[in-house]
Amino acid sequence: MPHFTVVPVKDQAQSSYDSLEGINWVDYRDTGQDYPDHQDTVSSDGHGNHKEDSPFLNSADAAGKKNDFYDRNLALFEEELDIRPKVSSLLSRLVNYTNITQGAKEHEEEESAEASRRKTPKSPNMGTLMGVYLPCLQNIFGVILFLRLTWIVGMAGIIQSLLIVLMCCSCVSMHVHTHTLHTNTQSYFMISRSLGPEFGGAVGLCFYLGTTFASAMYILGAIEIFLKYLVPQAAIFHATDPHGSDSAMLNNMRVYGSICLSLMAVVVFVGVKYVNKLASLFLACVIISIVSIYAGAIKSMTHPPEFPICMLGNRTLVRDRFDVCAKTVTQGNITVASQLWDRFCLPGNMSTAQCDDYFIQNNVTEIQGIPGLSSGIIRDNMWGNYMQKGEILEKAGLLSVDAHSAMENFIMYVSADIATSFTLLVGIFFPSATGIMAGSNRSGDLRDAQKSIPVGTILAITTTSLVYISSVVLFGSCIEGVVLRDKFGDAVRKNLVVGTLSWPSPWVIVIGSFFSTIGAGLQSLTGAPRLLQAIAKDNIIPFLRVFGHGKNNGEPTWALLLTGLIAELGILIASLDMVAPILSMFFLMCYLFVNLACAVQTLLRTPNWRPRFKYYHWALSFLGMSMCLALMFISSWYYAIVAMGIAGMIYKYIEYQGAEKEWGDGIRGLSLSAARYALLRLEVGPPHTKNWRPQLLVLLKLDEDLHVKYPRLLTFASQLKAGKGLTIVGSVIQGNFLDSFGEMQAAEQAIKNMMEIERVKGFCQVVVASKVREGVVHLIQSCGLGGMKHNTVVMGWPYGWRQSEDPRAWKTFINTVRCTTAAHLALMVPKNVSFYPSNHERFTDGNIDVWWIVHDGGMLMLLPFLLKQHKVWRKCRMRIFTVAQMDDNSIQMKKDLATFLYQLRIEAEVEVVEMHDSDISAYTYERTLMMEQRSQMLRQMRLSSAERQREVCCLYSDEEEEVVEAPPEKVQMTWTREKCEAERRNRNNAPENFRELMSLKPDQSNVRRMHTAVKLNEVIVNRSHDARLVLLNMPGPPRNTDGDENYMEFLEVLTEGLERVLLVRGGGREVITIYS
């Protein structure tokens, strides 16, 4: 048995056990060396002791277990224990296997010896409540609930608001249902490991961008609370005219948002532990704020809070611009103009001549902003009231006289700042339903992640859904409609609208919502860089590689810097309502592909897909995917297209870079399933003639260094196929399969490299056979699968067959021709293939000449048409020649051929060549005679060579081609004295054999064949000597194998003087039709 050595292999993908990540493997390969001591062992230390080099065991373990091979129960397997270790060895290795994230292992290797002596960390001990449920609540409840939910209810009404909440929460619930199947990993790792690095990288970056823009949204929400409700005096920019307040506010948001982002980035940079310490405080703020809303709603049943709304006619007035909601006030006994009067009329003048018409003709009234839960206001808020930008908030049911109002008084009314619609509100609300992956992102801190994450996440989404649904109903039942539609609380003296309902004070909501948005922003700013670092360390996107590095403790410094810059783009947008739809797209994209991953794995019945969640069904994943896709286009179709475009570009970039990971690829399974279905459909029957195209089997010859000898064969195949149809490139290595397996793999890789260089899209198959002829036959019989089999064989011409004494080359060639004919396959033999053009050349003129001598299915007409589809041959003209005999009507033949080509829709010139001279010339007779003399001479030379081999007792190997036309028993024989003398007598008769050779007369059938070859060659060279390519029928080999050598001579004579020739044989069926 050959000696085995251990060879370290860098590419782990070659290992047979590559499904277990994190285990270092070694590759055991046969060096092919023979050693004098042929012990039946795997390896020896020189004393007969066995060694075990197991990839699953440490070196220390291996040293202590040298006698493992003596285990009597495993004697049958002892020769394979080096590559197939014992189960005990495998399990002992797996016990120490840790499921650490990508890149953490490198971080561990960089730790110093001092760090290794630190105190061992405590084991994870967080349960479902603290580890999953409450963090999910903190991430889900936030800016949208406190700042925009009342406004959404006012614009959409209770019915449509409930629909929005149900759509978003159901979509997220579908994601939860599938996401909990992967309970110990992040969504990025789930997608990348399920659908492959291309999908994983694309969706991972989308998820990263969504998380980054989420931090910008939370910061904008915090700054809005700060400038609108906490410290309005802190505004830096102020409006110079009444209509410039919006732009001033946006500039203030940009300045303060950038400052806040910088401070948060510093906190995250200093240490995540400070963020985690503040998380409990922020979570308490969220819970207290929500409880205060419910308490205020209950209290409003009996004692509604006092927040009067001042109305002019049915229009809502901005309450902080005047003191008393009345046109006049009484000071002492004198009636004077109020501040409201001065706003609409000339100040200090009680005359109505200088007043606004609408102000004069309508009354000023005051209504209750919070009527309370028992007021019945729910009937008015049931239906939607969408508004256009600049439209004034009006209350239906109040008397109003329609009159002209001056534009300068427009600032006195509460108006809509943006145009609203159902789709816009869906995009704004959806971020409030995100954040459900907070539990899975903390899986390392959980006591039992596989139990806590599903339970905690489902409880969290159930709780938040109930809170959102009940909040919609409570807001619509307690708050006046014009107040609900007032986004910034202008009608209630710049109070936060949801704060007017809270108990005991609006400040509870204001302060609580401010800290909760700050906390959510910190959480997003903490998680996004780590996600980017994980993607960068996977090394599937090369330009992100720098972001995989960080501080010594693993903190993603560079990723944090990029996250801050991207978040700053969201801050510069400065509008919460514009940033929310952006991150909705990215989150929906992530959820969509998580559902897709689960559905694909389930439908393909992937063996490693074993969901632990027993209520799972693939239809839920498909439904969730459909809902995500629908929500993307409902909320903003142009944002959806942009998000898909970004994901698509990232996908193609990763695919172009050729990311190769050992994660597996679910899409590959989908491709295999689709291929299986298509192959079964192809088995229904043979293709129709109009669907026929050459499916190539290209037979290549390799040199001694396993390099392709004639790469232009592949060039020709690529020009003929142009990427369409099937192309199989095959080659044969002579030898024994057990000994030549490594050589076969090297040859296959060399052919694949050449196929890539020549842009041949297809498959490669190399076989090992004892004889080349048998290997070629195996390829012709077995290549392809089902209906995807080759119908055409392309092979090279055996150059130098005349000069070679070894007849195997041309015998293999003729045998291949016979096999293709027997298998009803078409055959193409490019002669002088080295002169064929490369893919970089272009013929600007010239002809492709077709010599149609016999009809064999129309291959000769179809091939030039296919070649002309390629840029190399596109500008060449096509000419078709046919041969007329003495009794043929050449004029009618030309007309009929032109009609036939017209019906085939092939543009070509038609010429009919007349061959009336049937007399055999002396040149033909002499050429035939020389051919037969040469054949006879070579036969005698090979015979005498075989005799010399017999004399020295050199036996003919059974693995070589038989070159002696003699019975096998005469090859190996024992020479006696009598036999030697008889052979010497035969050798003395050699001069007589030579005289017989010179008096040889040629066979008449050979003379006729030579005459045809000579005459056709004369005509072809005369007409097509300057053609770019000549195609002509390839005559078949003779039925009698004795004339094989003459057949090769006929083909040489037929193609003499032509630079590029393509010999074509049909497969016995029609390949072209007049029907489209």
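The structure displayed is predicted, hence computed values, not measured ones.

**Structural notes on the overall build of the chain**
Then, in step 1: Counting its secondary structure elements, the chain contains 35 helices and 17 strands.
Then, in step 2: Put simply, the chain has 1076 residues, and 48% of those count as buried.
Then, in step 3: Long-range contacts, defined here as pairs at least 24 residues apart, represent 81% of the contacts in the chain between residues at least 6 apart.
Then, in step 4: For the chain, the accessible surface area stands at approximately 53,600 Å², while carbon and sulfur atoms represent 55% of it.

**Description of the side chain of Ser890**
Then, in step 1: Its place among the elements puts Ser890 in helix H30 (residues 890–904).
Then, in step 2: Overall, Ser890 belongs to the buried group, its relative accessible area being 15%.
Then, in step 3: A distance of 2.6 Å separates a polar atom in the side chain of Ser890 from a polar atom in the side chain of Glu914.
Then, in step 4: The contact partners of Ser890, leaving out residues within four places of it in the chain, are Ala884, Val912 and Glu914.

**Here's the deal with the packing of helix H14 (residues 422–429) against helix H22 (residues 618–635)**
Then, in step 1: The interhelical angle for the contact between H14 and H22, taken along N-to-C directions, is 120°, at an axis separation of 7 Å. Judged by the inter-axis angle, H14 sits oblique to H22. Residue-level contacts link Phe422, Thr423, Leu424, Val426 and Gly427 of H14 to Leu631, Ile634 and Ser635 of H22.
Then, in step 2: Of the residues belonging to the contact of H14 with H22, the class tally is five nonpolar, three polar and no charged.

**Some details on the state of the cysteines**
Then, in step 1: Counted under the stated rule, the structure contains two disulfides.
Then, in step 2: For Cys310, the disulfide goes to Cys325, at an S-S distance of 2.0 Å. A torsion of 85° about the S-S bond marks the disulfide between Cys310 and Cys325 as right-handed. You can see Cys310 sitting in strand E3 (residues 308–312) and its partner Cys325 sitting in the loop between strand E4 (315–316) and strand E5 (328–331), a full 15 residues away along the chain. Taken as a pair, Cys310 and Cys325 share a single burial class, namely buried.
Then, in step 3: Here Cys345 pairs with Cys355 through a disulfide, and the sulfurs are 1.8 Å apart. The sign of the 115° torsion about the S-S bond sets the Cys345-Cys355 disulfide as right-handed. Of this pair, Cys345 sits in the loop between helix H12 (339–344) and helix H13 (357–361) while Cys355 is found in the loop between H12 and H13, placing the two residues ten residues apart along the sequence. One exposure class covers both Cys345 and Cys355, and it is buried.
Then, in step 4: Each bonded cysteine in the chain gets a number by its place in the sequence, and the pairs come out as 1-2, 3-4.
Then, in step 5: The structure places no disulfide on Cys783, whose sulfur is separated from the nearest cysteine sulfur, that of Cys764, by 9.5 Å.
Then, in step 6: With a relative accessible area of 0%, Cys783 lands in the buried category.

**Some words on the confidence of the model for the chain**
Then, in step 1: Across the chain, pLDDT averages 77, with 73% of residues at or above 70.
Then, in step 2: Ranking the elements of the chain by mean pLDDT puts strand E2 (residues 27–30) last with 38 and helix H17 (residues 481–484) first with 93.
Then, in step 3: Note that residues 97–122 has pLDDT below 50 and, in this model, 17 contacts with residues that lie over four places away or in other chains.
Then, in step 4: The low-confidence segment residues 951–973, where pLDDT is below 50, has 27 contacts with residues more than four positions distant or belonging to other chains.

Thresholds applied
Residue indices follow the written sequence of each chain, beginning from 1 at its first position. Since the coordinates come from a predicted model, pLDDT governs what is reported: local features require at least 70, and pairs of side-chain atoms require 80 or more to be given and counted, while whole-chain, interface and lining totals use all residues. By convention in this description, side-chain values take in all heavy atoms of the structure and omit both hydrogens and water. The way it works is that DSSP assigns letters per residue, a run of H or I at least four long becomes a helix, a run of E at least two long becomes a strand, and they are numbered from the N terminus. The buried label goes to any residue with under 20% of its type's maximum accessible area, the exposed label to any with over 50%, and the partly exposed label to all in between, with areas taken from a 1.4 Å probe on protein chains only. The contact criterion used throughout is that any non-hydrogen atoms of two residues lie within 4.5 Å. The accessible surface values rely on the Shrake-Rupley method and a 1.4 Å probe; as for residues, cover is taken only from the protein chains in view. In protein, a polar contact requires one atom able to donate a hydrogen and another able to accept it; more generally it is a pair of N or O atoms within 3.5 Å, and residues adjacent in sequence count only if both atoms are side-chain atoms. Each axis is a line fitted through C-alpha atoms, taken for helices only over the stretch in contact, and angles between the N-to-C directions span 0 to 180 degrees. Every angle not falling under 35 degrees, over 145, or within 65 to 115 is termed oblique; those three ranges are roughly parallel, roughly antiparallel and roughly perpendicular. Residues are sorted three ways: Asp, Glu, Lys and Arg are charged, Ala, Val, Leu, Ile, Met, Phe, Trp, Tyr, Cys and Pro are nonpolar, and all the rest, Gly among them, are polar. The term disulfide is used for any two cysteine sulfur atoms that are within 2.5 Å. How sure the predictor is of each residue is captured by pLDDT, a score from 0 to 100.

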